[in-house]
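# Notes for the structure review
Below are the chains, spelled out letter by letter.
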Amino acid sequence: MAEFNAVTLEMIWTRLVSIVDEAAAALVRTSFSTIVRESNDFACVLTNARGQSIAQANDSIPSFIGTVPRTIRHFLEEFPPRTLEPGDILITNDIWMGTGHLPDITVAKPIFLNGRIVAFAGSVAHSPDIGGKIRSAEAKEVFEEGLQIPIMKVMRRGEIDRTFERIIRKNVRVPDQVMGDLYAQFTGLHLMEQRLIALMRERGLDSLEGLAEEIHRRSETAIRKAIRALPDGVYTHSAISDGFAEPIELRMKMTVKGDSIEIDYAGSAPQVMRSINVCMAYTVAYTAYGVKAVLSPEVPNNDGVLRPITVTAPEGCILHSRHPAAGGARALIGHFLPMMVINALAKAIPDRVMATVGSPLWCINLSGVNPQGRTFANLFFMNGGYGAAHDRDGINVLSWPSNISSTPVEMIEKLAPLKVRHRRFRRGTGGKGRYRGGTGQEICFESTSKTPIVATFMAERTRAQAAAAGIAGGEAGAPGEVVIDGRRVDPKAQHVVEPGGTIELKTPGGGGYGSPSERRRELIEADRADGYI
């Protein structure tokens with residue numbers, strides 16, 4: 001096994017990260033949908049031959065931490081190395097083997113050197129459509145949510161499976177966008193393959209195993225060092241989501257012992273007959289993200305980062321769903337998890353955490369028929385306010401925990417039968433405190449369609465009990481609202497919007513930090529001048 005000194009390791013490690021970052025840029029440039037091109041809802045990953053992550057693109061979103069390598073390991077169970085050939089690409093969108101909902105399509109390509117597999121290039125991207133009922137929280141089981149792609153070879157020796165492509169095109173509303181994004185993923189895989197082979201030949205490497213183990217060991221060591229700085233103990237936190245007729249409670253117990261952390265979600269609500277259920281891979285991803293964001297954000301993502309962190313949840317609870325539970329809107333629950341980690345750690349390190357963010361991420365899903373008689377499907381994201389920290393105000397209108405960008409107005413009006421009447425800060429929505437929570441936003445759409453359109457939403461924290469909580473005496477941010485034609489509506493239901501109708505989304509504000517009485521007068525005056533209050 002090759003040995004690497006610190007300088008050589010840093011050079012190669014940096015090259016690996018640059019390879020996945022370049023692949024991510026290629027994916028974005030060649031994609032068809034705004035979900036990838038404008039909102040960056042994707043990931044590119046390199047693993048060793050056993051499916052253990054060694055590098056992940058910096059633009060990747062947190063929900064994909066560890067999910068792509070898990071899927072690659074599922075691929076290997078179905079297709080052992082002896083069954084794979086150069087040019088093969090594997091694919092699935094299985095909820096329990098992937099990221100937790102069907103729109104996320106995961107693909108992976110074995111990378112061969114000297115006749116044997118030395119690595120895998122992996123990618124996952126949120127497809128603009130996957131068929132079935134338009135995405136909402138209403139689906140009762142996975143069969144309503146769209147086309148399920150079993151683990152299979154989508155490419156054999158570099159040739160696309162034309163039957164697969166015909167099935168996809170027949171089942172989705174925007175076939176060119178769906179297949180265009182999929183081919184963009186293939187482009188990213190091909191680029192990772194080329195760049196990695198060039199790097200290995202340049203460095204005289206015939207295997208990545210020694211390099212991967214060294215990267216994993218150093219990453220694991222860094223995380224364990226950060227954990228050891230925490231006081232040993234048991235830290236707990238609970239959170240309330242809007243739910244449906246009744247709110248849904250999530251419970252977490254964090255045990256810090258030496259250089260490891262165990263997080264258990266026993267006591268959380270059972271899975272429900274709606275599409276907000278979370279698969280275990282998604283639960284692990286967002287829990288690990290919360291730990292890493294607080295303790296060691298600078299360490300690149302790879303399998304070594306996850307080794308000191310153990311996450312458990314009872315099977316059949318809303319955070320460890322069983323088939324055939326629906327999961328299309330799993331972010332409405334899963335996005336609470338990193339904030340629960342941070343709130344629990346606030347008891348030990350109050351100066352390194354922030355108040356609750358006005359997440360989960362919001363979005364609007366639209367479908368209908370255009371004047372040419374063709375179906376369309378659009379998905380646009382928007383964000384609420386950040387939580388305040390011990391030394392600064394929360395940032396206004398910024399996504400967290402998912403680093404997905406808001407879709408520009410110009411792209412919305414170009415791609416959808418919508419006119420944006422206004423998009424502005426939502427005044428007075430950041431929680432009061434010594435430091436103010438970030439404000440939400442208001443965006444109002446007018447339908448320019450000649451026919452009715454169907455609209456659904458991903459929207460949370462619309463009830464007072466689920467508002468983004470303050471910390472250290474800070475106040476909660478304002479809850480959000482979904483308004484159609486001037487009337488507040490159920491954000492988890494499917495709605496029909498008539499021609500000329502309006503949709504207004506008002507995203508939540510973030511929580512404040514510290515007592516409002518301690519806020520400096522000049523900051524209050526600046527907020528008033530800037531229109532934040």
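Residues numbered from 1 in each chain as written. Predicted model: local features only at pLDDT ≥ 70, side-chain atom pairs only at ≥ 80, totals over all residues. Heavy atoms only, no water.

## Here we look at the nonpolar core
Ranked by internal contacts, the top residues of the largest apolar core, which has 148 residues, are Leu 16, Leu 46, Met 254 and Leu 319. Ignoring sequence-local partners within four residues, the contact set of Leu 319 consists of Leu 250, Tyr 265, Ser 268, Val 278, Cys 279, Met 280, Thr 283, Ala 313, Ile 333 and Leu 337. Leu 366, Leu 418, Ile 443 and Val 489 belong to the second largest nonpolar core, which has 22 residues in total. (Core = buried A, V, L, I, M, F, W, Y, C linked by side-chain atoms within 4.5 Å. Buried < 20%, exposed > 50% of the residue type's maximum accessible area, 1.4 Å probe, protein only. Contact = heavy atoms within 4.5 Å.)

## Description of the pairing of strand E2 (residues 53–56)
Note: strand E1 (residues 42–48) against E2, three bridges, orientation antiparallel. From the neighbouring strand, Thr 47 faces E2, where its bridge partner is Ser 53. Hairpin connection, E1 to E2: the antiparallel pair is bridged by four residues, and Gly 51 has positive phi, about 80 degrees. (Pairing = 2+ DSSP bridges. Helix = DSSP H or I, 4+ residues; strand = E, 2+ residues; numbered from the N terminus.)

## Describing helix H5 (residues 175–203)
Residues three or four positions apart in an α-helix share a direction because the helix packs 3.6 residues into each turn. Taking 1.5 Å of rise per residue, the 29 residues of H5 would be expected to cover 42 Å, and the 42 Å separating its terminal C-alpha atoms lies within 8% of that figure. Positive backbone phi, at 70 degrees, marks Gly 204, one or two positions downstream of H5. (Expected span 1.5 Å × (residues − 1).)

## Quick look at the sheet that holds strand E13 (residues 375–382)
Spatially, the four strands line up as an open sheet ordered E13-E12-E16-E19, and their pairing is antiparallel. Pairing within the sheet leaves two strands with one partner each, and these edge strands are E13 and strand E19 (495–497). Across the sheet, the mean angle separating the axes of adjacent strands is 25 degrees when strand polarity is ignored. Alignment of strand E12 (residues 362–369) against E13, held across eight bridges, turns out to be antiparallel. When the bridges of E13 are listed, Ser 367 appears paired with Ala 377. (Axes fitted to C-alpha atoms, helices over the stretch in contact; angles between N-to-C directions.)

## Description of the packing of helix H7 (residues 280–295) against helix H10 (residues 337–345)
The contact between H7 and H10 brings their axes to 7 Å, and the two run at 40 degrees. As far as their axial angle goes, H10 and H7 are oblique. Where H7 crosses over H10, the handedness of that crossing is right-handed. Of H10, the residues touching H7 (which contributes Thr 283, Tyr 286, Thr 287, Tyr 289, Gly 290, Val 291 and Val 294) are Leu 337, Pro 338, Val 341, Ile 342 and Leu 345. Residue classes in the contact of H7 with H10 are distributed as nine nonpolar, three polar and no charged. (Parallel < 35°, antiparallel > 145°, perpendicular 65-115°, else oblique. Left-handed = near helix turned anticlockwise from the far one by under 90°. Nonpolar A, V, L, I, M, F, W, Y, C, P; charged D, E, K, R; others polar.)

## A closer look at the packing of aromatic side chains
Summed over the entire model, instances satisfying the criterion amount to five aromatic pairs. Between Tyr 282 and Tyr 286, the ring centres sit 5.1 Å apart and the planes meet at 75 degrees, which makes this aromatic pair edge-to-face. Here Tyr 282 pairs with Tyr 286, and both are found in helix H7, just four residues apart, close to one helical turn. Accessibility expressed as a relative area gives 1% for Tyr 282, which makes it buried. Judged by relative accessible area, Tyr 286 falls into the buried class, the value being 0%. Ring geometry for Phe 425 and Tyr 532: centres 5.5 Å apart, planes at 80 degrees, overall edge-to-face. Here Phe 425, found in strand E14 (residues 418–426), pairs with Tyr 532, found in the segment after helix H12 (521–530); they are 107 residues apart in sequence, far enough to count as distant. Assessed through its relative accessible area of 41%, Phe 425 is described here as partly exposed. (Phe/Tyr/Trp six-rings, centres within 6.5 Å; stacked < 30°, edge-to-face > 60°.)

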